[in-house]
Amino acid sequence: MSMPPLMLYLAAPRGFCAGVDRAIKIVELALQKWGAPVYVRHEIVHNKFVVDTLRDQGAIFVEELDEVPGDRPVIFSAHGVPKAVPAEAARREMVYVDATCPLVSKVHIEAERHHQDGLQMVMIGHAGHPETIGTVGQLPPGEVLLVETAEDVAGLQVRDPERLAFITQTTLSVDDTAGIVDALRARFPAIVGPHKEDICYATTNRQMSVKAIANKIDALLVIGAPNSSNSRRLVEVGSAAGCAYSQLVQRASDIDWRALDGIRSVGITAGASAPELLVNEVIDAFRARFDTTVELVETAKERVEFKVPRVLREPVADTI
């Protein structure tokens, strides 16, 4: 019996970004340098497969620093942490490695600079997300006001409308954020924006690649975790671009095949925390059910690399 034909459009760029790749390497190198266990505060990146793989190698994931014994190294996740966390680690004389993505650190530095200039910060981001918590935690209480939507801007109570700056979470929808920025500038004409876009290159590129395939496909599958902000934004971008069925799946076993009955074309992308192995797994699942033709749609080349911290490039001075 012949299989139904299917055109599969593979978006590029997709999957791991430089910050995620660096964070995973940091955990792997820490395990090599200090042996297991190595503790990681929060998921190093938001992907169950990655976290489970590192756990199998000897990483122990915790939510708070007080869960980490003082004689073992601890790594801070790629999303960044409030200033109080490394300060407490230093007070306890712990060995710690900060895996915060350099592009998130850029936003932290930006916020600190504006604060030193006497400006109050408005952050565009998602409440409760680790990156937002980490960025808000760079400054004293009340110095960062959070907005999630353009509607939130109307309710902002600011100290001085002439002394404001805005920053953003790095993994937001480019289009949605532009609307919030417009609302901020309309209400606070003097507000200062970032010198360079806070939404990171990887988030922007993955959203652009989804837009490039949206008008070709009957369905879009985004490979990523439910708690991955950038992955969830890709689903939303697909829907906004006109894709009738846009869904997040963690891996091939999550695909709802009944919902895809009768389709002729599918787009596949992956959030910045999802390994290519899971993309290949999904492609293989389609090939097992359809006479599949794969076409790559590439909208940008990514050559960004970030070095791991120096402490992981140096030999062990003494045992922990």
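Computed from a predicted model, the values in this text were never measured in an experiment. (Residues numbered from 1 in each chain as written. Predicted model: local features only at pLDDT ≥ 70, side-chain atom pairs only at ≥ 80, totals over all residues. Heavy atoms only, no water.)

Draft legend 1. Just the pairing of strand β1 (residues 5-12), in detail. Taking burial as the measure, the 8 residues of β1 include 6 buried ones, the bulk of the element. Note that β1 and strand β11 (residues 265-270) share 4 bridges and pair parallel. Paired with Tyr9 across the two strands is Gly267, which belongs to β11. (Buried < 20%, exposed > 50% of the residue type's maximum accessible area, 1.4 Å probe, protein only. Helix = DSSP H or I, 4+ residues; strand = E, 2+ residues; numbered from the N terminus. Pairing = 2+ DSSP bridges.)

Draft legend 2. Spotlight on the packing of helix α8 (residues 201-214) against helix α9 (residues 229-240). It is at 9 Å that the axes of α8 and α9 come closest, and there the two elements cross at 30°. Considering the angle they form, α8 stands roughly parallel to α9. The element α8 and its partner α9 pack so that their crossing is right-handed. Where α8 approaches α9, its residues Thr203, Arg206, Gln207, Val210 and Lys211 are matched on the opposing element by Asn230, Arg233, Leu234, Val237 and Gly238. Class assignment of the residues belonging to the contact of α8 with α9 gives a composition of 3 nonpolar, 4 polar and 3 charged. (Axes fitted to C-alpha atoms, helices over the stretch in contact; angles between N-to-C directions. Parallel < 35°, antiparallel > 145°, perpendicular 65-115°, else oblique. Left-handed = near helix turned anticlockwise from the far one by under 90°. Contact = heavy atoms within 4.5 Å. Nonpolar A, V, L, I, M, F, W, Y, C, P; charged D, E, K, R; others polar.)

Draft legend 3. Molecular detail of the sheet that holds strand β4 (residues 74-76). What the 4 strands build is an open sheet, ordered β3-β2-β4-β5; its pairing is parallel. Each of the sheet's edge strands pairs with one partner strand only, and the pair in question is β3 (59-62) and β5 (96-98). Taken over all neighbouring pairs, the strand axes of this sheet differ in orientation by 25° on average, direction set aside. Note: strand β2 (residues 38-41) against β4, 3 bridges, orientation parallel. Its bridge partner lying in β4, Tyr39 is registered against Val74.

Draft legend 4. A look at the packing of helix α1 (residues 18-34) against helix α2 (residues 48-57). The interhelical angle for the contact between α1 and α2, taken along N-to-C directions, is 5°, at an axis separation of 10 Å. One way to sum up the angle between α1 and α2 is to call them roughly parallel. Of α2, the residues touching α1 (which contributes Ile24, Val27, Glu28 and Leu31) are Val50, Leu54 and Gln57. When grouped by side-chain class, the residues that make up the contact of α1 with α2 number 5 nonpolar, 1 polar and 1 charged.

Draft legend 5. Just helix α4 (residues 102-116), in detail. Relative to the 21 Å expected for 15 residues at 1.5 Å per residue, α4 spans 21 Å between its end C-alpha atoms, a close match to the ideal helical length. Within α4, the full set of buried residues consists of Leu103, Val104, Val107, His108, Glu110, Ala111 and His114. Taken around the axis of α4, the buried residues stretch over an arc of 160°, which confines them to a single face. In α4, those exposed residues whose orientation departs by more than 90 degrees from the buried face are Ile109 and Gln116. Remark: Gly118 follows α4 within two positions and exhibits a positive phi of approximately 85°. (Expected span 1.5 Å × (residues − 1). Arc of directions from axis to C-beta.)

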